[in-house]
Every structure is written in C-alpha cells, then in structure tokens.
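The chain contents come next:
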Amino acid sequence: MTAGRGGDPGRRYDPLAAPGVRAVPEEAPGVSHHEPIGLRRRLDLNLMGTFDWDLTSGHMNLDDGALRMYDLRAGEWDGEPLSLSARVPPEEGARLDRALSLALQDGASSYGAYFRVRYRDGTMHWAHSQGRILHDADGMPYRVIGVVREASNELADSALLRSLQQERQRQTVMVQQTTAAMARAMSVADVTRVLTGPGGARRFGADALVLGLVAGGRFEVIAAAGLDGDVPEDMLRSRLDDTLPLSDTVASRRPSFLRTRGEMIARFPRLRPYGEMLPPGSASFLPLVAQDTVIGALGLFGNEPSGQSAEARNLALALAGVVAQSLQRATLFDQEREFATGLQATMLPRRVPEIPGGEVTVRYHPASVGRDIGGDWYDVIALPQGRTGLVVGDVEGHDTHAAAVMGQLRIALRAYASEGHSPETVLVRASRFLAELETDRFATCTYVQADLDSGALHVARAGHLGPLVRDGSGHVDWPEIRGGLPLGVATAFGHDHFPETQLFLEPGSTLLLCSDGLVEQPGQDIAAGIDALTAAVRAGPQELGALADQLAELLWSAPGSEDDLALLLLRRVPDPGTSAVPRLRLHVHQADPSGAADVRSTLRRTVDQWRAGPVRYDIEVAASELIANALTHTESGALVTMELLPGEPRRIRLEVEDRSSQWPRRRSPGETATSGRGLMLVEALSDSWGAEPRGSGKALWCEFVVPDGEGPTDGEAAADGG
C-alpha cells in the first residue's frame, strides 16, 4: 500500500511500524518464514475448511480444515451428512436445513447460516457455513460447494456490541425513570418515597441504598432501602469525618467506588459490627452537589462484586446530580410550605371555648399537595345568653392573598356574631364587609347559632355545604338548609339575603360542619363524596376526636386531597339515663310561606328512612293539617317534632307545638264548607291523637302504628340515614 492523497507517495504502509507491536510464540508450526502457502493451508490458518456436497448421491466431502471445524477425526467421518449430528445439536442442524431449504425454494444460488458445534469436550463453539448452489442444464440443483469457518470470536464481538447497546439503553431508561420520578417529588418526604419505594434502588442499578443530608454541620441519614434491618441508631447522625463512607464522601466531596463489602469494611472499620446487614457486593458513595454545595450523600449497594466501568461511574454521578437538584428544590419547598402553614395557623383560633352542655372538636389540614395555602377556616364563638356561634367557611383561592382575606373576614364575622345578631344579619354584614375590601375574592360560609339548653339551631348558609346531623341512635341526615349566594358576590349582585333555617339538636346528637375539601376529589362527582361522608359518619366512632381523625384520614388524607380541610363537630351532651330515640324537630316561621313545604319534604324523607310503609302518606297529610292550623289560628310559628317510639307495635309520634293557649276544637263542617276538616282528617288517619299543654302554649299530637315488616329494628333505625 502507498500513502493516500496528501501523503508522501514514496512512503510504504508498514503495520509493524505501529507502536506497541507484541511478540508472541507462533501456534502454527511448520510454516517457514519464506515458504509459499497454498490455498488450503491459507484457509486452515484462518480456521476455515471446505465441503463438497453431491445432492444427487447425498455424499459430502469434508477437507481437513472442515473436519477440524467439526472436531472430527478422519476415521470418524463416513461422508453422510447425518453423521454430523454427533457434533451438531438437533436445533442447530434444523437451522442449517432451514437456511438451505429456503434458498432452494427461492431458487437462490447461495445460502448461509450461523450454528453451534459441540466439541468432544462438551464445549459449544459458533461456526458459519456458506454454500454455492450449482444447477444443471434444467435448472435443478445438484451440488453445493461451500466453506465452514469458526465464528465464535466474530459473534463474541457482535454480542459485546449488542451488550453495550443494551447497557446504553438500560442506562438511558434509568436516567429517564429517575428524572421523571424526581420531577414529581415536591417535598423531601416525596423524594425519599421515590428512593425507598418499589423499584427505587433498581432505578440506580442497585439492590440497596442509603440517603443522608447535611444538617447543622453533621451528617444525618434520612432514608434507607434494601438493607437487612434498620440503620443503627449510632449511625443515623455522625460527624463529617472519614470514619463512615457517606460522611467521608461529604467531607471530601469525592465519590468512592468499592468492589466488595470486605473492601468497604477494610477501608471503614467502624462498619464491621454492622457488616451483615449490608449487601455483599459493590458499593458506590456519591456526593450530592447542588449549586457547588454538598448537601448530602447517596450510598448504592449491590449483591454482586463489581468493578464498575468508567461509563457506569459517570452514570451514577449523573443520577446523583438529579437527586441533589431534587433535594435542593424539595428543601426550599418544605421551607416555604412551613412558612405558609405557619401563617395560616396564626389566623385560625388558638383556643376553642368550653360550651356548656356540649362538646366541640375542630380540625384544620392544609392541602396535602402544593406549596400554596388556602382560605378555609373555622371558628367557635361565645355569644350572649349562653349561646354559641359555629362557623366553617372557605375563601376562594389557594395563595397568601386568600389566607389574608380569610383572616380579615373571620375577625369581622366573629365581631358581628359577638354582638348577638341573628345568623342572617351576621352573614349580610360579613358579605358587605368582604365587598368593601375591594378584593376579587368571594367566600362561602355556613353559620350556626346554637342554644344547647333547648337544642335549637339557627342556621344560615352562603353558598356553602350545609350541616350533617347524626342522632344518638346513629341515624344520619342532611337537613334541607336554604341559603344565599357566596359572601361578597351576594352584595355585588344586590342579593345579600340569607334565610335562616331552624333545627333542633337532640341530646346525644352530633352536628358536622366542613369545607368542601372533605367531599371533593378531582374528577369525582361531589355527590359521591357526600355519600362517602355520610357512610363514614354513620359508621364512625362516638368520641368526637376519634371521629374527626377518622374522617380526615379516610376522606382527605388517604385520597391525597388537593384542597384544604376545615372540620367542626358539635355534640350535645345527652341527659343521664335517657335512651336514644330517633327524633326529628323542625321549626316553621309564621311569616315564611315556604316553610311548611320544606318541613313536609323533610318529614317525607325521614319517614322513608324509617321505613314507615303506607302510613308515610297519612303522616304527611296529618302534618300538613296540624301545621296549617298552627299558622292560621295562632300568632306564632310551629315547632314540629316526629319520633320513632320504641316498643311493640312500633309507632311514629307526630307533634305540632305552638304558643297559643287556645285549645283546639273539633268541628263538623257542612258539605260546602271550605275549612274545619283538619282535625277530622287527623282523627281519621291516625291511630290516636290528642292535645297537651306545653308551657305558654299547647301541642297537638297523633300516633301512627307502623305495619309489621315495615319498621326497622333498633339496629336498623340506628344505621339508616340519608
């Protein structure tokens, strides 16, 4: 060869001139320095032989080189192709046959295939056979002339290339998976969950890992996975010195790569008492560097000894960089979140006042994801005349502005309530206050004025979820509470009217107020959340603190809600010695034309839950007549009470109480009369009825026997609920 273009044409290409030529003994004796080498010898020197296969007679001739390729001696070969089965396994012979058959079917002039040969010592070697197919004058194949050569080295190189390619693909996948997982990690706890969760160590090509951060000039282990036991107490925190591998990595800022556990213990003798809990193979200790600051270290452990390649080490350092950036971001997030939640906490009541005759439990949980804070709040307010104000609300948005508006609105609403105003007046003034703040935020709110001596609850609602009531027997109901527009919006649209609804909380009953974080999940209908809350309250514990914690865990924490949660529970302490009786109490204002219809709707829903059967229609008609009499013939409203009485036969008792001392009088109206039939209907529909004096007024009552098979048992009455 001569030099190419641009080189010296007089120069001779001399491969021996290359540096590093190595002298080795010749393994092919009998070849002199200048002796001519024939074709067969040339093939033999290159581990190649020839064959001549007569397809007509079936005889195959193998030269010496081919015999050596099949590890056959001259006396072991009889010229029959089937005799090669002694060296060629059946599946490899099938591969050769398939290659030749396809060539013959396609009319090809040549074929080739890789196959394996089993030598007499049992080892397997790769070979390659290539043949030229000869055809006669009629185009029919009659002879194959070919070569067979050793291919183990060739395929080994190819396998190495495939292995390297697969390794690069594996490394690419590792980087992609780790980066994607870390991108979703917001807090330090999220990062540790990614590292210690299922497949965490495998993302780094390891079987176990240990993660630690620098805190206060010391090294602190914060996560571990895959170890045979927990990290010992005396190893959780350590000085930044060279006695432990991770702290040494932080102090030196240099990574360490060790082949075996023994090598690691020899270098760090302090690990000797804990050697059995560490995997026996390789170990890598990587500094976590973010913005030129070492914030921690990551230890990766393998079950197999390994001398890691430069490529593998670079990959490990790259993955450590991803972890470092994620941890730095997560640390900043945790600091911001701690500040935000601390700000939120200062705006909520520090103390809940004692309530005579009742128990109160409150819970507030900031959103479980994201760094922003919300505008949810609760409040318990001591009111004049021994009453109590209960508030749960939510200012629109999840940022510091929402929290600031919430703080101002909570204080304003507390001030209006403390002055003794009615719930409607309190919400009207709070709505106007919010509108005058010149903010674009609105707020929803439910305000309850509770008198636990009588059990009376006056409820007003501004675009917020109404209350839930669980009575002493476990019956759960969502009373129908009329409401108005959200605070601020109501004033802006000139509709700042928030009608009140009166309820009665029986002894042993519990009232629940909450923000929508307890019932709303992304992509889920709120009705499903309300049903889930109903079921959870029905089956929940009686103790308020345990119930509050269970609701928060089951409906907010476990699903990972993206919203804040404010929860308030009020329980009226039961009178000693009284038994829990399913009871409903409602108040109808005389000046409220829609009040009677609301009461009938609630009664209808309740008797359905009590499985009253066909008498539910009689109860509704009787209630309508008694309420109409009270509103028509007295100057007060009506207090409606309905109870499911114990004993056999089961009975439902309906009472309508007013403040008039005038006793009812049963009349006998004529056929054309338009009134006077109310008590006649009550007498005809009920099983018994009567009147009783009640303080300054009276109560008309009637009872209905529940047919056999219709009424619930004691347990069912406790379990039924809306």
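Residues numbered from 1 in each chain as written. Predicted model: local features only at pLDDT ≥ 70, side-chain atom pairs only at ≥ 80, totals over all residues. Heavy atoms only, no water.

This model, assessed by the stated rule, comprises 31 salt bridges. Among the ionic pairs, Asp-207 bridges to Arg-202, the shortest N-O distance being 2.7 Å. Measuring nitrogen to oxygen at the nearest pair gives 3.3 Å for the salt bridge that ties Asp-477 to Arg-605. Of this pair, Asp-477 sits in strand 18 (residues 476–477) while Arg-605 sits in helix 15 (residues 595–609); the two residues are 128 residues apart in sequence, bridging distant segments of the chain. The exposure class assigned to Asp-477 is buried, which follows from its relative accessible area of 6%. The structure contains a network of salt bridges with shared partners spanning Arg-651, Arg-653, Glu-655, Glu-657, Glu-692, Arg-694 and Glu-703. (Salt bridge = Lys/Arg side-chain N within 4 Å of Asp/Glu carboxyl O. Helix = DSSP H or I, 4+ residues; strand = E, 2+ residues; numbered from the N terminus. Buried < 20%, exposed > 50% of the residue type's maximum accessible area, 1.4 Å probe, protein only.)

Where empty space is left can be seen by rolling a probe of water-molecule size over the atoms. Going through the model one piece at a time under the given rule, you end up with three cavities of 30 Å³ or more. Every residue lining the largest cavity is counted, 19 residues in all, and those nearest its centre are Val-210, Val-231, Met-235, Leu-246 and Leu-271. Broken down by secondary-structure element, the contributors of at least two residues to the lining of the largest cavity are strand 7 (218–225) and helix 7 (245–252). Element by element, the count of residues in the lining of the largest cavity is highest for helix 7, at three residues. In the lining of the largest cavity, the residues fall into 17 nonpolar, two polar and no charged. As for the second largest cavity, its lining consists of 18 residues, of which Val-469, Asp-477, Phe-504, Arg-583 and Leu-584 are closest to the centre. Tallying contributions element by element places strand 23 (residues 583–588) first for the lining of the second largest cavity, with four residues. (1 Å grid on protein atoms, 1.4 Å probe; cavity = no way out; pocket = protein on both sides within 12 Å on 5 of 7 lines; lining within 4 Å. Points joined across faces, edges and corners; volume = space filled by probe spheres on them. Nonpolar A, V, L, I, M, F, W, Y, C, P; charged D, E, K, R; others polar.)

This part covers the sheet that holds strand 12 (residues 358–365). Strands sit in the order 12-22-21-17-18 across an open sheet of five strands; the sheet is antiparallel. Two strands in the sheet have a free side with no partner beyond their single neighbour: strand 12 and strand 18. Sheet topology places strand 12 next to strand 22 (residues 565–572); eight bridges connect them, and they run antiparallel. Paired with Arg-363 across the two strands is Leu-567, which belongs to strand 22. Lying over the sheet, helix 14 (residues 544–557) contacts strand 12, strand 17 (468–470), strand 21 (510–514) and strand 22, oriented at roughly 30° with respect to strand 12. (Pairing = 2+ DSSP bridges. Contact = heavy atoms within 4.5 Å. Axes fitted to C-alpha atoms, helices over the stretch in contact; angles between N-to-C directions.)

What follows concerns the packing of helix 13 (residues 526–539) against helix 14. Viewed as axis vectors pointing N to C, helix 13 and helix 14 meet at an angle of 145°, and their least axial separation amounts to 10 Å. Crossing hand, helix 13 versus helix 14: right-handed. Listed contacts from helix 14 to Ala-532, Leu-533, Ala-536 and Val-537 of helix 13 are Leu-547, Gln-550, Leu-551, Leu-554 and Leu-555. Residues of the contact of helix 13 with helix 14, tallied by class, amount to eight nonpolar, one polar and no charged. (Left-handed = near helix turned anticlockwise from the far one by under 90°.)

What follows concerns the packing of helix 16 (residues 615–633) against helix 17 (residues 678–685). Where helix 16 contacts helix 17, the two axes come as close as 9 Å, and the packing angle between them is 155°. On the basis of the axis angle, helix 16 is roughly antiparallel to helix 17. Handedness of the helix 16/helix 17 crossing: left-handed. For the pair helix 16 and helix 17, contact is made by Asp-618, Val-621, Ala-622, Glu-625, Leu-626 and Asn-629 and by Gly-678, Leu-679, Leu-681, Val-682 and Leu-685, respectively. Within the contact of helix 16 with helix 17, the residues separate by chemical class into seven nonpolar, two polar and two charged. (Parallel < 35°, antiparallel > 145°, perpendicular 65-115°, else oblique.)

Looking at the secondary structure, you find Glu-620 in helix 16. With 34 residues separating them in the primary sequence, Glu-620 and Leu-654 have C-alpha atoms 9.8 Å apart.

Look at helix 16: 27 Å from first C-alpha to last across 19 residues, which is about the 27 Å you get at 1.5 Å a residue. Considered for burial, the residues of helix 16 that qualify are Val-615, Ile-619, Ala-622, Ala-623, Leu-626, Ile-627, Ala-630 and Leu-631. Down the axis of helix 16, the buried set is contained in an arc of 160°. They therefore lie on one face. Away from the buried face of helix 16 by more than 90 degrees, exposed residues Thr-632 and His-633 are located. Buried positions along helix 16 lie against strand 23, helix 15, strand 24 (638–645), strand 25 (651–658), helix 17 and strand 27 (697–705). (Expected span 1.5 Å × (residues − 1). Arc of directions from axis to C-beta.)

A few words on the nonpolar core. Core analysis: the biggest nonpolar cluster contains 78 residues, and Leu-413 and Leu-487 have the highest contact counts within it. If near-sequence neighbours (up to four positions away) are discounted, Leu-413 is found in contact with Trp-377, Ile-381, Val-391, Val-426, Leu-427, Ala-430, Cys-445 and Tyr-447. The next biggest cluster of nonpolar side chains, apart from the first, holds 28 residues, and it includes Met-182, Val-188, Ala-223 and Leu-327. (Core = buried A, V, L, I, M, F, W, Y, C linked by side-chain atoms within 4.5 Å.)

Turning our eyes to something else, we now look at the pairing of strand 10 (residues 283–290). In terms of residue burial, strand 10 counts as a mostly covered element, since seven of its eight residues are buried. When strand 9 (residues 256–258) meets strand 10, the two strands line up antiparallel, connected through three bridges. Counterpart to Phe-257 in the pairing with strand 10 is Ser-284. With eight bridges connecting them, strand 10 and strand 11 (residues 293–301) associate as antiparallel partners. Bridge pairing in strand 11 links Phe-285 to Gly-299. Taking the residues that link successive antiparallel strands as the turn, the strand 10-strand 11 hairpin has two residues, and the phi of Gln-291 there is positive, at about 50°.

Reading across the sheet, the five strands line up as 2-1-5-4-3 and stay open at both edges, with antiparallel pairing between neighbours. If you trace the sheet from one side to the other, it starts and ends with strand 2 (60–62) and strand 3 (110–118), each paired once. The mean inter-strand angle of the sheet, taken between neighbouring strand axes irrespective of direction, is 20°. As defined by bridge partners, strand 4 (residues 124–135) adjoins strand 5 (residues 141–150) across nine bridges and the pair is classed as antiparallel.

Glancing now at the environment of Phe-704. Examined against the element boundaries, Phe-704 turns out to sit in strand 27. Residue classification places Phe-704 among the buried residues on the basis of a relative accessible area of 1%. Taking C-alpha positions, Phe-704 is 5.4 Å from Arg-651, a pair spaced 53 residues apart along the chain. Look past the residues within four positions of Phe-704 in its chain and what remains in contact with it is Asp-618, Ile-619, Ala-622, Arg-650, Arg-651, Ile-652, Leu-685, Ser-686 and Asp-687.

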